[in-house]
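Listed below, chain by chain, are the residues.
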Amino acid sequence: MNNVEIIDKLNENKCLSFSEWKQLLGTFTEEDAKYASDIAREIAVSKFGKKIFFRGIVEFTNYCKNDCYYCGIRCSNKNAVRYRLSKEDILDCCEEGYKYGYRTFVLQGGEDRHYTDDMIVDIVSEIHKRFPDCAITLSIGEKERESYERFFDAGASRYLLRHETANEEHYRKLHPEKLSLKHRMNCLKDLKEIGYQTGCGCMVGSPYQRISDLCEDMIYMSEFKPQMIGIGPFIPHKDTPFRDFESGSVEMTLFLLSLCRIMLPDVLLPATTALGTAKADGRKLGVLCGANVIMPNLSPIAVRKNYLLYDNKAISGEDAGENLRVLQEHMSEIGYEIVIDKGDYRG
């Protein structure tokens, strides 16, 4: 079977065997990638029209108790300029975003012990009360099931937790001993069972990653069936043990976006900031490969430069309204429009 036939099989069956994934990811050509992106784009347009959902990210803390080897806000990075936003700071970000049409707020941060469950519940409850027509997404790492249930009851309806890698051996090369792939996967299972629209995803080209690891990622996602998938290229950070590794491939990232759209037609699929950092027109290319979500930054401009998971992050110095206007221009250049909509999963 050639690669075009494998892509057709994925389109028909929504799953592939390990050996088929290995052939496809290990040998794809530019023509194969274009064939996949054409199908993915057609699927996305049939499901969502030429409409792109936008979510406002509030990066509310860059403290983290973890020491993941790839991450610029790892606890042992003494060069990081740390900050925390207060509840009022976060609400101000949401207020400004709401004024310009944002209807999803993504609270993202390191695993910061300062923010107790009670504090997160209080913040989520207040956002939910002030903006009842908005969705609240959390991206704050691994917690116990009881915590996730409390956040859900307070009004959070989506949770992003990238699995990073589905291979145990690879996971061990990216994380300190005290972190566990099994616990991360259990967290994802709990989130879905509780009722969150749940997002997972992986880094493309992370250190020591093999094609077989990416095959396991795709098989895991085809079986888990997340409502959201976040995929971006690995980009090194100068203050981590992986500072000298090469960035992940933009071409592979775009190909995987197309394959995710083909595999899970209803999935909410962002064109990530990392993709826009790795290549100037990366977000546009992501949309043309089937992505249907973009996540502009609502964080206070003064702290954006300090939330650096990787080097050279594409940081906008624009406020919520200007950010959106620029995004609208970029999307209209390729025939798409951004829409004021919560953009819930509809599968």
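You'll find the structure just up there.
First, a word on what this report is: a plain description of the structure on this page.

What counts, and where the lines are drawn
- Residues numbered from 1 in each chain as written.
- Predicted model: local features only at pLDDT ≥ 70, side-chain atom pairs only at ≥ 80, totals over all residues.
- Heavy atoms only, no water.
- Core = buried A, V, L, I, M, F, W, Y, C linked by side-chain atoms within 4.5 Å.
- Buried < 20%, exposed > 50% of the residue type's maximum accessible area, 1.4 Å probe, protein only.
- Helix = DSSP H or I, 4+ residues; strand = E, 2+ residues; numbered from the N terminus.
- Contact = heavy atoms within 4.5 Å.
- Salt bridge = Lys/Arg side-chain N within 4 Å of Asp/Glu carboxyl O.
- Pairing = 2+ DSSP bridges.
- Axes fitted to C-alpha atoms, helices over the stretch in contact; angles between N-to-C directions.
- 1 Å grid on protein atoms, 1.4 Å probe; cavity = no way out; pocket = protein on both sides within 12 Å on 5 of 7 lines; lining within 4 Å.
- Points joined across faces, edges and corners; volume = space filled by probe spheres on them.
- Nonpolar A, V, L, I, M, F, W, Y, C, P; charged D, E, K, R; others polar.

**Some points on the nonpolar core**
Core analysis: the biggest nonpolar cluster contains 101 residues, and Trp21, Leu25, Ile127 and Leu259 have the highest contact counts within it. Top contributing element to this core by residue count: helix 10 (residues 250-263), with ten residues. Beyond its immediate chain neighbours, meaning those up to four positions away, Ile127 contacts Ile90, Leu91, Cys94, Phe105, Leu107 and Ile136. Core analysis: the second largest hydrophobic core is formed by ten residues, Phe53, Met228, Val293 and Met295 among them.

**Points about the environment of Leu25**
Considering the arrangement of structural elements, one finds Leu25 in helix 2 (residues 18-27). Through-space distance from the C-alpha of Leu25 to that of Ile211 is 6.7 Å; in sequence the pair is 186 residues apart. Setting aside residues no more than four positions away along its own chain, Leu25 makes contact with Ile211, Leu214, Cys215, Met218, Met252, Phe255, Leu256 and Leu259.

**Looking at the pattern of salt bridges**
In this structure the tally under the stated criterion is 29 salt bridges. Between Arg84 and Asp112 there is a salt bridge; the shortest N-O distance is 2.7 Å. Of this pair, Arg84 sits in the loop between strand 2 (56-61) and helix 4 (87-99) while Asp112 sits in the loop between strand 3 (104-109) and helix 5 (117-130), and the two are 28 residues apart along the sequence. According to the relative accessible area criterion, Arg84 is partly exposed, its value standing at 34%. The exposure class of Asp112 is buried, given its relative accessible area of 6%. The shortest N-O distance in the salt bridge between Asp344 and Lys342 comes to 3.8 Å. The exposure class of Asp344 is partly exposed, given its relative accessible area of 26%. On the accessibility criterion, Lys342 (29% relative accessible area) is partly exposed.

**A closer look at the sheet that holds strand 11 (residues 337-339)**
On the basis of which strands lie adjacent, the open sheet formed by three strands has the order 10-1-11 and parallel pairing. Edge strands, defined here as strands with exactly one partner in the open sheet, are strand 10 (293-294) and strand 11. With two bridges joining them, strand 1 (residues 51-54) and strand 10 adopt parallel strand pairing. Residue pairing for strand 10: Phe54 is matched across the bridge by Ile294. Here helix 14 (residues 320-333) sits on the sheet in contact with strand 1, strand 10 and strand 11, set at roughly 135° to strand 11.

**Some remarks on empty space enclosed by the protein**
This model, assessed by the stated rule, comprises three cavities of 30 Å³ or more. In this structure, the largest cavity spans a volume of roughly 60 Å³. Surrounding the largest cavity, Arg55, Val106, Thr137, Leu160, Met228, Leu268, Pro270, Val293 and Met295 form its lining.

**Remarks on the sheet that holds strand 6 (residues 197-200)**
Within a sheet, neighbouring strands are paired by backbone hydrogen bonds and run either parallel or antiparallel to one another. Strands sit in the order 2-3-4-5-6-8 across an open sheet of six strands; the sheet is parallel. Only two strands of the sheet have a single partner each, and these edge strands are strand 2 and strand 8 (228-229). Bridge analysis of strand 4 (residues 135-139) against strand 5 (residues 158-160) gives two bridges, and the strand direction is parallel. Directly across from Leu138, in strand 5, lies its bridge partner Tyr159. The sheet contacts of helix 4 involve strand 2 and strand 3, and relative to strand 3 the element is tilted by about 150°.

**Things to note about the layout of surface pockets**
Each pocket or cavity is described by its volume, and for the second largest pocket that value is around 240 Å³. Together, 14 residues line the second largest pocket, and Glu30, Ala33, Lys34, Glu251 and Leu254 are the ones closest to its centre. Within the residue set of the lining of the second largest pocket, elements represented by two or more residues are helix 3 (30-48) and helix 10. Of the residues that constitute the lining of the second largest pocket, the class distribution is seven nonpolar, three polar and four charged.

**A closer look at the pairing of strand 3**
In terms of burial, strand 3 is largely enclosed, as six of its six residues are buried. Every second residue of strand 3 is oriented toward a common face, with Thr104, Val106 and Gln108 on one face and Phe105, Leu107 and Gly109 on the other, all of them buried. In terms of strand pairing, strand 2 meets strand 3 through five bridges, oriented parallel. Residue pairing across strands places Val58 opposite Leu107, the latter belonging to strand 3.

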